[in-house]
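Next come the chains, spelled out residue by residue.
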Amino acid sequence: MLLSFIANQPITRGSAVSVLSTPLGQCRTINPQNFAESRAVGIAIDSSDVGGLTRVVSRGPVDGFTGLITGKTYYAPII
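Quantities reported herein were computed from a predicted structural model and do not represent experimental measurements. Residue numbers run consecutively from 1 along every chain, following the written order of its sequence. Totals for whole chains, interfaces and linings use every residue, but because this is a predicted model, local features are given only for residues with pLDDT of at least 70 and side-chain atom pairs only at 80 or more, for both listing and counting. With hydrogens and water set aside, each side-chain value is computed from the structure's full complement of heavy atoms.

Caption draft 1: Spotlight on the environment of Val17. By definition, any uninterrupted DSSP run of H or I lasting at least four residues is a helix, any uninterrupted run of E lasting at least two residues is a strand, and each is numbered from the N terminus. Locating Val17 in the fold gives a position in strand 2 (residues 16-19). Val17 sits 27 residues away from Ala44 along the chain, and the two C-alpha atoms are 6.7 Å apart.

Caption draft 2: Geometry of the sheet that holds strand 4 (residues 42-44). In short, DSSP must find at least two bridges between two strands for them to pair. Taken in spatial order, the five strands of this closed barrel run 1-3-2-4-5, and their pairing is mixed. On average, each strand axis in the sheet is inclined to that of its neighbour by 55°, with strand direction left out of account. Here two bridges tie strand 1 (residues 2-7) to strand 3 (residues 26-29), and the two strands are oriented parallel to one another. Considered in strand 3, the bridge of Ala7 is made with Cys27. Convention adopted: a line fitted to C-alpha atoms gives each axis, helices being fitted over their contacting stretch, and angles between N-to-C directions are expressed from 0 to 180 degrees.

Encoded structure:
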């Protein structure tokens, strides 16, 4: 499923992102070392600046990512 959000901070393609409740509808990258912030809605398929539209894949194939193995766990990079 492809979703779109406004970037609340610069976002790099391939980053796991979460959706903010305030301001509603904006997204930011997550910090995987902070459990309270570790809920991701999906993976950004665009790099964008603050205020830019960011497309996020929440389920299904993502073009541009190679070498991933089905069933293997992958973790978001440390920010």
